[in-house]
Every structure is written in C-alpha cells, then in structure tokens.
Amino acid sequence: MGVKFDRILDGFEAPTERVADVMAPPPGKIDGSGRAGWLIDHAPVNGYILSNRLLKAGVPVFWQEGETRAGRATLAPGALWIPASDAARPIVEAAVRDLGLNAHAAARAPGGDRIALKPVRVGLVDRYGGSMASGWTRFMLEQFEYPFEVVYPQRLDAGDLAKDFDVLVFASDMIPADLSATAQRDQPEPETIPAEYRSWLGNITADKTVPQIDAFVRGGGSVVTIGSAHRLAAAMGAQVEDVLRTEDGKPLASTDFFIPGAILKTEVDNRQPLAFGAPAQMDVFFNRNAGFRHAGEGAPIARYPEQVSVSSGWAIGPQKLSGADAVLDLPHGDGRLIVLGPDVVNRAQARSSVRLLFNALFYGPAISAEE
C-alpha cells in the first residue's frame with residue numbers, strides 16, 4: 001500500500017485514539033496566485049481520479065517529463081500540468097477539497113517537454129464464469145473513474161479491435177500456460193445458458209486470438225499484461241525471457257524457487273513515464289510471477305535488486321530473481337507491450353504499485369497519438 005514502515009522488535013507504548021472506519025482524506029490546498037494553470041505532484045494516487053475527470057470534461061491535462069518548479073518546491077518528473085480554463089477550475093478546486101490533492105497556481109506555463117494525455121478506451125479482458133483477478137482490476141478501475149468495457153474472447157477473435165479500444169488489459173489469471181485450442185477450459189453449450197451471456201463464451205487461443213491482439217498492437221494499440229499474463233507477450237513474439245525457467249523452458253523446481261505470495265522490494269526508474277509518481281524503491285506483491293531478461297528494443301522500468309529483499313512473507317530461492325527486470329515497456333510495431341511482472345493490483349490492496357497500471361493506461365495511447 002505504499003506505507004513506509006520500520007521493523008521494531010521491542011515493546012513500546014504510543015498515545016492513540018479510535019477513528020472512524022472510513023476516513024475522508026484531509027483537504028488539500030492551492031498555493032500561489034498565478035492564473036496560467038495548476039501544477040500537481042504525480043505521486044498521490046487520487047491524481048488519477050482528477051485526470052479522468054478532466055479528460056471526461058474535455059479539459060487538457062499533461063505530464064511534465066522532467067523536474068518542474070512549483071513555487072518554492074521542485075516536483076519530480078510526471079507532474080500534472082492543467083492549463084487554466086473556466087472548465088478546469090471547478091474540477092481542480094473540487095479535487096483539492098475532496099481528494100486531498102495540493103495544487104500550485106502558476107503564473108506561467110512550465111517549460112520542458114510534456115506528454116499530452118488523451119481520453120482512453122480501455123478494454124478489460126474477462127471470461128465466462130469470471131476471472132477473480134480481472135474482477136479486482138475492474139473494481140480498481142471503477143474506484144479511480146477509468147472508462148472501460150469488459151471484453152470477452154469472442155470479441156477479441158473478431159478483430160478490428162482498434163475500432164473500440166486504445167488499450168487492452170489482461171489480468172494475472174487470464175493467459176493459460178498452454179494457449180493451444182486443445183488445452184483450453186471446457187465451456188458450457190450455448191443453449192444451456194441465457195442468451196444474453198452467450199457472447200461471453202470462448203477461450204483465448206494461439207491460433208485465433210493472439211493474431212488479432214498482435215495486429216491491434218502493431219497498428220498502434222497498447223496491451224498491458226499483469227502478473228502471469230506476461231505469457232501473452234511471449235506468444236506475440238516479444239523477446240522476453242523468464243529467468244525462472246530452465247534452458248528447456250520448464251519452470252524451476254519448487255525446491256529451487258517458490259514464492260507463493262510475498263512482498264519483495266524493487267528498484268524503480270521513476271524518471272520513466274510508466275513509473276511517474278512511484279518511489280525509487282517500491283514494495284510489490286509477488287505471487288508465482290516471473291522475472292525477465294529481454295533482448296532488442298524496450299526499457300526496463302523496475303527490477304529486482306542484486307540482493308533480493310523480502311519485506312514480508314517467505315521465499316525459497318529468491319536470489320534467482322537477482323537483477324531481473326520486473327516491468328518492461330516494449331515497442332511492438334507502432335504500439336506498445338507493457339509487461340507488469342508482479343501482481344500490481346493484488347485484490348485491490350496494492351495501492352503503491354497500481355500506479356504502474358494506471359500510468360500504462362494513459363501512456364501507451366498518449367505516445368501513439370504523438371507518433
């Protein structure tokens with residue numbers, strides 16, 4: 001959740017008081033008296049709610065690519081720049097009041113390069129019977145006011161995906177280890193279920209689905225994979241190697257490596273747009289996930305340190321992840337494959353690493369629009 005903590009082994013006392021179960025964030029403030037627009041730090045996760053509200057209202061919003069001065073403060077890369085307008089003002093003021101964001105009213109537009117965000121059409125992939133991981137991802141998208149549509153395999157197989165979507169999201173349990181048609185899960189006969197649910201049937205397969213997703217990305221779309229859904233990137237031909245597999249492609253034996261659910265530290269390059277707002281060291285939830293080495297174009301955004309650190313939980317053979325990439329941003333044709341190795345959502349609890357997903361939803365479509 002991004003909470004800083006210290007390990008304390010000795011008993012202690014602290015003055016405390018009971019608070020309500022649900023606490024609203026304390027109001028933020030607007031400093032400065034400029035009339036050109038507002039600068040807001042990228043780090044607070046409620047900034048994504050503000051961004052979605054601005055885009056829904058047709059109000060421009062940008063990410064500053066470098067550090068930006070805001071009064072006496074210097075904001076890290078990724079600061080939101082919102083040019084002043086009659087439409088923007090009430091949205092920004094409401095966000096400061098209700099979402100606890102702090103804004104700086106600037107006298108002039110900041111210099112430096114910036115990324116113009118655009119309204120995004122998100123497709124969240126699910127299946128008949130329901131994916132638990134997709135459901136939690138859906139909950140997070142709803143909480144942070146992302147516009148999205150739930151997408152099922154039949155729609156993916158039909159192709160022409162760019163007509164309806166800018167980015168497709170595959171949650172951690174959506175891509176099986178074997179994508180061959182013969183290995184897919186059994187589906188009920190269509191006539192045995194209500195007609196309104198029959199379009200939900202189907203499986204993601206190598207022969208029908210993957211070529212349509214590949215065409216979507218090569219044409220300028222973005223695909224975001226979470227956790228074990230990284231298998232889709234490999235199926236699309238991305239040069240990504242899972243360091244937790246043997247030379248013949250088999251998973252490492254559980255006696256050599258086994259992390260069924262633990263919190264690991266990663267080192268993050270938060271100068272990159274995918275990691276804007278993230279700390280330089282970030283705890284992530286690792287649950288039977290992967291570490292990567294990749295060849296060709298693309299950049300690692302986060303990686304496991306040489307000395308892998310387990311913040312909570314237990315692990316067998318964690319040093320197998322030493323120096324491995326955790327998050328990758330891979331160009332693929334005219335689009336992007338964004339591979340989020342850990343479970344950055346984890347039942348809606350991972351409020352720190354979920355920034356990687358939220359940034360990815362904006363970043364891919366924004367870059368494609370620029371190009």
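In this report, we go over the structure that sits alongside the text. All values reported here derive from a predicted model rather than from experimental measurement. (Residues numbered from 1 in each chain as written. Predicted model: local features only at pLDDT ≥ 70, side-chain atom pairs only at ≥ 80, totals over all residues. Heavy atoms only, no water.)

Each helix and strand counted, the protein chain has seven helices and 20 strands in total. Over its C-alpha trace the protein chain gives a radius of gyration of 22 Å, about what one expects of a compact globule, namely 21 Å for 371 residues. Expressed along its principal axes, the backbone C-alpha trace of the protein chain runs to roughly 65 × 55 × 45 Å. For the protein chain, with 371 residues in total, the buried portion stands at 47%. Restricting the contact set of the protein chain to residue pairs at least 6 apart, pairs at least 24 apart contribute 76%. On the protein chain, roughly 18,300 Å² of surface is accessible, and the fraction owed to carbon and sulfur atoms is 49%. (Helix = DSSP H or I, 4+ residues; strand = E, 2+ residues; numbered from the N terminus. Rg over C-alpha atoms; globule rule 2.2 N^0.38 Å. Buried < 20%, exposed > 50% of the residue type's maximum accessible area, 1.4 Å probe, protein only. Contact = heavy atoms within 4.5 Å. Areas by Shrake-Rupley, 256 points an atom, 1.4 Å probe, with all protein chains shown as cover.)

Turning our attention to the nonpolar core. Formed by 72 residues in total, the largest nonpolar core has its most connected members in Ile82, Leu321, Leu340, Leu357, Phe358 and Leu361. The contact partners of Leu321, leaving out residues within four places of it in the chain, are Val243, Leu244, Phe257, Ile259, Leu264, Phe286, Ala290, Gly291, Tyr304 and Val308. (Core = buried A, V, L, I, M, F, W, Y, C linked by side-chain atoms within 4.5 Å.)

Looking now at the pairing of strand β14 (residues 262-268). The alternating pattern of β14 places Ala262, Leu264, Thr266 and Val268 on a buried face and Ile263, Lys265 and Glu267 on a face that is not buried. Pairing of β14 with strand β15 (residues 281-286), which is carried by six bridges, proceeds in the antiparallel orientation. Residue pairing across strands places Leu264 opposite Val284, the latter belonging to β15. Taken together, the two bridges between β14 and strand β18 (residues 310-312) define a ladder with antiparallel strand orientation. Residue pairing across strands places Leu264 opposite Val310, the latter belonging to β18. (Pairing = 2+ DSSP bridges.)

Per the counting criterion, the structure on display carries one cavity of 30 Å³ or more. Approximately 30 Å³ is the volume attributed to the largest cavity. When residues of the lining of the largest cavity are assigned to their parent elements, the largest contribution, three residues, is made by helix α1 (residues 46-56). Here the lining of the largest cavity is built from residues that sort into three nonpolar, three polar and no charged. (1 Å grid on protein atoms, 1.4 Å probe; cavity = no way out; pocket = protein on both sides within 12 Å on 5 of 7 lines; lining within 4 Å. Points joined across faces, edges and corners; volume = space filled by probe spheres on them. Nonpolar A, V, L, I, M, F, W, Y, C, P; charged D, E, K, R; others polar.)

Right, let's get into the side chain of Thr266. On the secondary structure map, Thr266 appears in strand β14. Classification of Thr266 by relative accessible area gives buried; the value is 2%. If we skip the residues at most four places from it in the chain, Thr266 touches Ala280, Gln281, Met282, Val284, Arg303, Tyr304, Pro305 and Ala326.

On to the sheet that holds strand β3 (residues 62-64), then. Strands in a sheet are paired, the pairing made by backbone hydrogen bonds, and the direction either parallel or antiparallel. If you walk across this open sheet you meet the six strands as β1-β7-β2-β6-β3-β8, and the pairing is mixed. Where the open sheet ends on each side, the last strands, each with one partner, are β1 (30-31) and β8 (114-116).

Let's shift gears to the packing of aromatic side chains. Throughout the structure, instances matching the rule amount to twelve aromatic pairs. On the basis of an interplanar angle of 75° and a centroid distance of 6.1 Å, the ring pair of Phe286 and Tyr304 is categorised as edge-to-face. Of this pair, Phe286 sits in strand β15 while Tyr304 sits in the loop between β17 (299-303) and β18; the two residues are 18 residues apart in sequence, bridging distant segments of the chain. Residue Tyr304 is classed as buried on the basis of its relative accessible area, which comes to 1%. Taken together through their ring pairs, the aromatic side chains of Tyr48, Trp63, Phe144, Tyr146, Phe276, Phe358 and Phe362 make up a single cluster. (Phe/Tyr/Trp six-rings, centres within 6.5 Å; stacked < 30°, edge-to-face > 60°.)

The next subject is helix α5 (residues 209-218). Along α5, the positions that sit buried rather than exposed are Thr209, Val210, Ile213, Asp214, Phe216 and Val217. For α5, the arc enclosing every buried residue in end-on projection is 160°, short of the 170-degree limit, so these residues lie on one face. Summarising the contacts, the buried residues of α5 are in contact with α4 (153-158), β11 (167-170), β12 (222-226), α6 (231-235), β19 (325-332) and β20 (335-340). (Arc of directions from axis to C-beta.)

So yeah, pure geometry; function would need other evidence.
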